[in-house]
Amino acid sequence: MSKAATQLRFYDLEPESNTLHDDVLDGLSQPQKHIPPKYFYDEHGSCLFEAICETDAYYPTRTEMAILKDNLEEICTCLGSDCVLVEPGSGSSRKVRLLLDELEPHTYMPLDISSDFLKSVAHGLAEDYPHINVTAACVDYTAPIALPYFPENRRRVAFFPGSSIGNFEPEEAVTFLGNLADLVDDTGGLLIGVDLKKDPSILNAAYNDKEGITAQFNLNLLAHLNRELGANFDFDGFDHRAFYNEQKGRIEMHLISKRDQWATVAGHRFHFSAGESIHTESSYKYTVEEFQILARQAGFSPRKVWTDRDGLFSVQYFEHAD
Ligand code: AVJ
């Protein structure tokens, strides 16, 4: 058996796979139609998101990577070698590689909903980091997380980069962070990337890139529904719209119906008047202080904050409050 096989574990916790149907029918039946942003990420959607991260306008990914790189030593000291590093929504596990190059955790636990993708990513990590145990679990991290296996008596740290926390409504963010606080237990920590409030023109540009990739990403949601739910949305019938809602402190993405039209989704007909929107994503922005207040409500104490020179993005470290 190869070394990689001995340090690699995989758990399929069979997350409910048919929630798409209920979520979409429910969301489209509300006065403000909406679809949860997690459904952006089919195969093509994940590629489009990667492409967004490469655009000049979308600063979060490269800024966060630079913050992690520039402060790697200090960050690793906070996390501590020999910890169990858990990453909900690990995706390609690209950012964690920065940490794994320097930190030697006892175990890395990527958690993701996409089973096959997770398996291949976990294999790649096990190959590249033969001294680290890789325990992958297929779970829906938006539900409370119970993990089947934790090495005994090891400090656990959750890693949640990318400002994915911004997709939660603030109250939901507190619930989710509370779940993470339970997961890492009394001695654990949290390293999280949080996008910061800033000049709205920078935010508006980041979600309206000139190349139109964010628009494609938004519209691809309809292609996903057409394929998975046998829906018949006309992509040419909708426009991408994204703007910073200053009062709510969030970017909102919408799909705007260009005309009066109907679409059938899983046998149910929905009407869209001209100009009517489907709200497809909220991306909340916080000041460092605002985010610390949320995290405190969830049972975490702020320990350390790193930002870039321009104050665009933050990486924040918390420990479980006593
Ligand atoms: C992955 C949720 C952090 O909100 O900035 C990028 C997703 N949407 N462009 C974000 C996204 C449009 C992204 N998150």
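Structure: see above.
In this report, we go over the structure that sits alongside the text.

Turning next to the sheet that holds strand E12 (residues 277-284). The strand order across the open sheet formed by four strands is E2-E12-E9-E8, and the pairing between neighbours is mixed. Where the open sheet ends on each side, the last strands, each with one partner, are strand E2 (33-34) and strand E8 (238-245). Note: E8 against strand E9 (residues 250-257), eight bridges, orientation antiparallel. Residue Asp-239 lies in a different strand from E9, and its bridge partner there is Ile-256.

Turning our eyes to something else, we now look at the packing of helix H5 (residues 72-79) against helix H6 (residues 94-102). Packing of H5 against H6 brings their axes to within 10 Å, and their N-to-C directions diverge by 80 degrees. The angle between H5 and H6 falls in the class roughly perpendicular. Of H6, the residues touching H5 (which contributes Leu-72, Glu-73, Ile-75, Cys-76 and Leu-79) are Leu-98, Leu-99 and Glu-102. Taken together, the residues of the contact of H5 with H6 break down into six nonpolar, no polar and two charged.

Under the 1.5 Å per step criterion, the end-to-end length of helix H3 (residues 43-54) is 17 Å for 12 residues, consistent within 8% with the ideal 16 Å. What H3 keeps buried is the set Gly-45, Leu-48, Ile-52 and Cys-53. Along the axis of H3, the buried positions cluster into a sector of 150 degrees, meaning they face one direction only. In this structure, H3 carries Glu-43 and Glu-54 as exposed residues pointing more than 90 degrees from its buried face. Summarising the contacts, the buried residues of H3 are in contact with helix H4 (60-70) and helix H10 (213-229).

All right, on to a negative patch on the surface then. Negative charge collects at one region of the surface, where Asp-182, Asp-185, Asp-186 and Asp-322 lie side by side. Structurally, Asp-182 can be placed in helix H8 (residues 170-184). Its relative accessible area of 59% is what places Asp-182 among the exposed residues.

Around the ligand, the structure places 13 residues, and the nearest of them are Tyr-58, Gly-162, Tyr-207, Glu-281 and Ser-283. Coverage of the ligand by the protein amounts to 96% of the 350 Å² it exposes when considered alone. When residues of the shell around the ligand are traced back to their parent elements, those giving at least two are H3, H10 and E12. Residue classes in the shell around the ligand are distributed as seven nonpolar, five polar and one charged.

About the thresholds
By convention here, each chain's residues receive numbers from 1 onward along its written sequence. Confidence filtering applies because this is a predicted model: local features only for residues at pLDDT of at least 70, side-chain atom pairs given and counted only at 80 or more, and all residues used for totals across whole chains, interfaces and linings. For the side-chain quantities, the full set of heavy atoms in the structure was used; hydrogens and water were omitted. A strand pair is defined by DSSP finding two or more bridges across the two strands. Only DSSP runs of H or I with at least four residues qualify as helices, and only runs of E with at least two residues qualify as strands; both kinds are numbered from the N terminus onward. Simply put, an axis is a line fit to the C-alpha atoms, just over the touching stretch for a helix, and the angle between two N-to-C directions goes from 0 to 180 degrees. Roughly parallel means an angle under 35 degrees; roughly antiparallel means over 145; roughly perpendicular covers 65 to 115; every other angle is labelled oblique. The contact rule is simple, with two residues in contact once any of their heavy atoms fall within 4.5 Å. Under the scheme applied here, ten amino acids are nonpolar (Ala, Val, Leu, Ile, Met, Phe, Trp, Tyr, Cys and Pro), four are charged (Asp, Glu, Lys and Arg), and all others, including Gly, are polar. Here the expected length of a helix is defined as 1.5 Å per residue gap, with one fewer gap than residues. The cut-offs for exposure are 20% and 50% of the maximum accessible area for each residue type, with area from a 1.4 Å probe on protein chains only; residues under the lower value are buried, those over the upper are exposed, and the others partly exposed. Here the arc refers to the directions that run from the helix axis out to each C-beta atom. To count toward a patch, a residue needs a relative accessible area over 30% and no salt bridge; like charges are then connected within 9 Å, while nonpolar side chains (Val, Leu, Ile, Met, Phe, Trp, Tyr) are connected within 5 Å. Throughout, the Shrake-Rupley method with a 1.4 Å probe supplies accessible areas, and for residues the shown protein chains are the sole cover considered. Every case where a carboxyl oxygen of Asp or Glu lies within 4 Å of a side-chain nitrogen of Lys or Arg is listed as a salt bridge. All tallies of charge rest on Lys and Arg as positive and Asp and Glu as negative; His and the ends of each chain are not included. Taken as the charge centre is NZ of Lys, CZ of Arg, CG of Asp or CD of Glu, depending on the residue. Near residues are defined by distance, with any heavy atom within 4 Å of the molecule or strand qualifying the residue.

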